[in-house]
Each structure stands twice: as C-alpha cells, then as structure tokens.
Amino acid sequence: MLVVMKAQATPEEIEAVCAYIEKLGFRAHPLPGAQRTAIGITGNQGEVDRGNLEELSGVAEVIRVSKAYKLASRDVKEEDTIIKFPGTDATIGGRDLAIVAGPCSIESREQAFAIAEQVAASGAQFFRGGAYKPRTSPYAFQGMGLEGLKIMAEIREHTGMRIVTEALDSESLELVAEWADVIQIGARNMQNFSLLRQAGKLRKPVLLKRGLSATLEEFLMSAEYVMSEGNYEVILCERGVRTFSDHARNTLDLSIIPAIQRLSHLPIVVDPSHGTGRRDSVLPMARAAVAAGADGILVEVHHQPEKALSDGPQSIYPAQFARMMDEAGQIAPIVGRHLPRGIHVAAATA
Ligand code: PEP
Ligand code: MN
C-alpha cells in the first residue's frame, strides 16, 4: 500500500500520516519526490484498511502496489534515486556517471596507494578494494581486514575519492560501515537476508551485487530487504551471471539495465571485471555498459596484475583505465550523460 500525499502537504501532515501508519502496527517509509511525497507501508501481510487513511489531512490518494518489491519500485517513487556524498560533488544515479576503480583486494599500503594515485589521476571519484574477501577456497588470500580498511581511509584522506568495500558478515559490516562510504554486499551474499536487514538498519549507501544466478525479481527483492529497514540508498550492480557460455568467467547481462530502469528508481552500475573475468573484455563491455544506460562502472585495476593476490587476470592496467575513462567520457553525451573527472571535496570548516 502506498499513500500519495498532496503536492502542497506540509511536513507536519506527512509526519501525522506516518505516525498513524505506525500506530496501526505497520512501518511507514516517507519517500520525497520532486512533485510530492509518497509514503510506502510495509509490514502488512494482507490488505491495510485504507478507509481512514484517505481521510487524513494532506492525503491525495491511497493505492495498492501489486509488485512484490514496493520501496524499490517506480510505483512508489517515480524519479530516479540520486545518492549524494556529503561534502563532495560525487553522486550515483544522476546525470553524472559514477566510476568506482581499484584492486580486487587491498594487499599492502604500497600496492593500494600506487593504484589509488593512478585511478585518481584519471578522474575516478570512488576507490574500491576488498579488505574482507569472499574466496572460493578457504586457503586463498582472505583480505587484510581492519588494516585494509584503514589504508582505504587514508586513501580517501589523500585523494578525496570515496571508498567502496565489501562487508562479508555482521562483524565486518560494522567495521565497513564505520570506515567506508559505500558498503558492498557481494554476489554470494545477495540473498543473505539477515545481512541485508542489518545493512538496512545502517545509514550508509549499499552497493548490492547481483547473485550468480539471481533473476531480476530476486535481485530487486534483495534491495527491498535493505530498504524495508529504512535504508533507501541502494545501488544495484550487474556483475555477470552463470550461463553455458564458457568463453568468459560469467555472462554480463547488460539487458538487465533497461529492465531495471523500467521497474525501479534505484541506480544500477555495471562491473565488467567480474562480468567477464578477462582483461581484454573489460574495456569493450565498459563501453557497452555506458551505451546501454548504466549509471556507472565498477572496475578492477592493478598496477601489477600478474602479482595480484586475487583476480589478476581480470584486472586492467592503470593505462587501460585511463583509456576506459576517455572512451566512457566520449560515449556519455550520446546517451545524455556526463563523465565527471575527479572529485571535489569541500574544505573542512574549522
Ligand atoms: C569483488 O567485487 O571483488 C567481488 C568479490 O565481487 P562479486 O561479489 O561480484 O563476486
Ligand atoms: Mn574481485
């Protein structure tokens, strides 16, 4: 159920409707739009009695949302969600493309800084790097943990780039939320519902990767888990799915971009690194992703990929990343987008 407020509804009227919904034992999710505020109602198993709601001051109408995902749906919020990063000009989901670049794993301070400096010089606004790694083998490098998070915080300080890194479980979630700007939830955790709920209780953007065999509906339902707890800043990430194709690690499903954009207001970025698993396929698929309307690219970059402790074969060289930025910058205006170069951070006020 969705309560659509009148365009001229006051904050007090919106608050009163939310309080009424909560008093009925449901959860109210006020989602301000450009024209009017809509209030999503969750927590109801069946129908909510709409009778009284329609009587409340400032209410325009009460409508049923038939889709299983509600808060993620365009029915509830028509305009695209734009995620902002306070104190900077970086956004995810607006006209500007968001580029997230960095190594698969943080391996050392030297490695992380070497890569960070080069991707920052090419204009990346976001730096990625895993401190907690979901590895297929328990004997493979598992990440530097807290030390890795601290290195990334130093990189933010030094370059201005905002930090995107993965939380593997509730323990790492708390630390990642404390140190990073965006919490990544990996493909293998896309349906870890308790982790999604916990991330939903935080007030930090969540970058949710599509599961290895997740359908579009399952993907949006996972976003819904996060949003149902009150965290509406979810970024979807297409990173390839398992198919019979054996020429690449995964099959990058770019056709999910328009499908998601039709159904949901959430931003969607594309990861051509995990999506293909091959360095030589990353640039072509990054170009295709921008052309298809993605809101950004998440890409693995390593200055010495042959020495990388994880995902070396799919990591591009910094010079290739520079080229990717040039190409994305040229394609962007054709599809009505813009590629910002570099991040501007407001000077700290004393
Ligand atoms: C990663 O981004 O390094 C990663 C492990 O991604 P995914 O969860 O998509 O495999
Ligand atoms: Mn990786």
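This text gives an overview of the structure that appears in the document. Here the structure is a predicted model, which is why all the values come from computation and not from measurement.

1. What to know about the site of ligand 1
Consideration 1: Not every one of the 13 residues close to ligand 1 is listed here, only the nearest: Arg128, Lys133, Ala187, Arg188 and Arg239.
Consideration 2: One of the backbone nitrogen or oxygen atoms of Ala187 is found 2.8 Å away from an oxygen atom of ligand 1.
Consideration 3: Between an oxygen atom of ligand 1 and a side-chain N or O atom of Lys209, the distance comes to 2.9 Å.
Consideration 4: A total of 300 Å² of accessible area belongs to ligand 1 in isolation, and the protein chains cover 97% of it.
Consideration 5: Its residues assigned to classes, the shell around ligand 1 comprises 3 nonpolar, 3 polar and 7 charged.

2. Some remarks on empty space enclosed by the protein
Consideration 1: Applying the stated rule across the entire model yields 1 cavity of 30 Å³ or more.
Consideration 2: In this model, the largest cavity occupies a volume close to 30 Å³.
Consideration 3: Along its surface, the largest cavity is lined by Arg128, Gly129, Gly130, Lys133, Val164, Thr165, Glu166 and Gln184.
Consideration 4: Among the elements that take part in the lining of the largest cavity, strand β9 (residues 162-166) stands out by supplying 3 residues, more than any other.

3. Some details on the pairing of strand β1 (residues 2-5)
Moving residue by residue along a regular strand, the side chains alternate between the two faces of the sheet.
Consideration 1: Side chains Leu2 and Val4 project from β1 onto one buried face, and the interleaved Val3 and Met5 project onto a second face that is buried too.
Consideration 2: Pairing of β1 with strand β4 (residues 59-63), which is carried by 4 bridges, proceeds in the antiparallel orientation. The residue bridging Met5 from the neighbouring strand is Val59, located in β4.
Consideration 3: Bridge count for β1 against strand β3 (residues 37-42) is 3 bridges, and the pairing is antiparallel. Paired with Val4 across the bridge in β3 is Ala38.

4. Some remarks on the nonpolar core
Consideration 1: Residues Val119, Phe127, Ile155, Leu208, Leu236, Val299 and Phe321 are the most contacted members of the largest nonpolar core, which totals 74 residues.
Consideration 2: Aside from chain neighbours lying at most four places away, what touches Leu208 is Ile185, Met190, Leu196, Phe219, Ser222, Ala223, Val234, Ile235, Leu236 and Cys237.
Consideration 3: Formed by 16 residues, the second largest nonpolar core is a distinct cluster that contains Met1, Val3, Ile21 and Val59.

5. A closer look at the side chain of Ser264
Consideration 1: Take Ser264: it is sitting in the loop between α8 (256-263) and β13 (268-270).
Consideration 2: A polar contact of 2.6 Å, which involves the side chain of Ser264, links it to the backbone oxygen of Ala72.
Consideration 3: A polar atom in the side chain of Ser264 sits 3.1 Å from the backbone nitrogen of Leu266.
Consideration 4: If near-sequence neighbours (up to four positions away) are discounted, Ser264 is found in contact with Ala72, Ser73, Arg74 and Leu220.

6. Structural notes on the sheet that holds strand β10 (residues 182-185)
Consideration 1: An order of β7-β8-β9-β10-β11-β12-β13-β14 is seen for the 8 strands of this closed barrel, with the pairing classed as parallel. Pairs of neighbouring strands in the sheet enclose a mean axial angle of 25°, with direction left out of account.
Consideration 2: In terms of strand pairing, β9 meets β10 through 3 bridges, oriented parallel. Within the sheet, the bridge partner assigned to Glu166 lies in β10 and is Gln184.

7. A short note on the coordination of the manganese ion (ligand 2)
Consideration 1: Listed as protein donors to the manganese ion (ligand 2) are Cys104 (SG), His274 (NE2), Glu300 (OE) and Asp311 (OD); their distances from the metal cover 2.0 to 2.4 Å.
Consideration 2: Each donor residue of the manganese ion (ligand 2) belongs to the same chain, and together they define the spacing C-x169-H-x25-E-x10-D. A residue pair is termed long-range when its members are at least 10 positions apart, and His274 in helix α9 (residues 272-276) and Asp311 in the loop between β14 (296-300) and α11 (318-331) qualify at 37 residues. Across the pair, exposure class does not vary: His274 and Asp311 are buried alike.

8. Re the packing of helix α4 (residues 146-159) against helix α5 (residues 170-179)
Consideration 1: As a packed pair, α4 and α5 sit with axes 10 Å apart at the nearest point and diverge in direction by 15°. What the angle tells us is that α4 and α5 run roughly parallel. Seen from above, α4 lies across α5 with right-handed handedness. Two secondary-structure elements touch here, α4 through Leu146, Leu149, Lys150, Ala153 and Arg156 and α5 through Leu175, Val176 and Trp179.
Consideration 2: Here the residues of the contact of α4 with α5 are counted per class, giving 6 nonpolar, no polar and 2 charged.

Conventions used here
- Residues numbered from 1 in each chain as written.
- Chains lettered and ligands numbered in written order.
- Predicted model: local features only at pLDDT ≥ 70, side-chain atom pairs only at ≥ 80, totals over all residues.
- Heavy atoms only, no water.
- Near = heavy atom within 4 Å.
- Polar contact = N/O pair within 3.5 Å; in protein donor to acceptor, adjacent residues only side chain to side chain.
- Areas by Shrake-Rupley, 256 points an atom, 1.4 Å probe, with all protein chains shown as cover.
- Nonpolar A, V, L, I, M, F, W, Y, C, P; charged D, E, K, R; others polar.
- 1 Å grid on protein atoms, 1.4 Å probe; cavity = no way out; pocket = protein on both sides within 12 Å on 5 of 7 lines; lining within 4 Å.
- Points joined across faces, edges and corners; volume = space filled by probe spheres on them.
- Helix = DSSP H or I, 4+ residues; strand = E, 2+ residues; numbered from the N terminus.
- Buried < 20%, exposed > 50% of the residue type's maximum accessible area, 1.4 Å probe, protein only.
- Pairing = 2+ DSSP bridges.
- Core = buried A, V, L, I, M, F, W, Y, C linked by side-chain atoms within 4.5 Å.
- Contact = heavy atoms within 4.5 Å.
- Axes fitted to C-alpha atoms, helices over the stretch in contact; angles between N-to-C directions.
- Donors = N, O, S within 2.8 Å, 3.2 Å for Na, K, Ca; no water.
- Parallel < 35°, antiparallel > 145°, perpendicular 65-115°, else oblique.
- Left-handed = near helix turned anticlockwise from the far one by under 90°.

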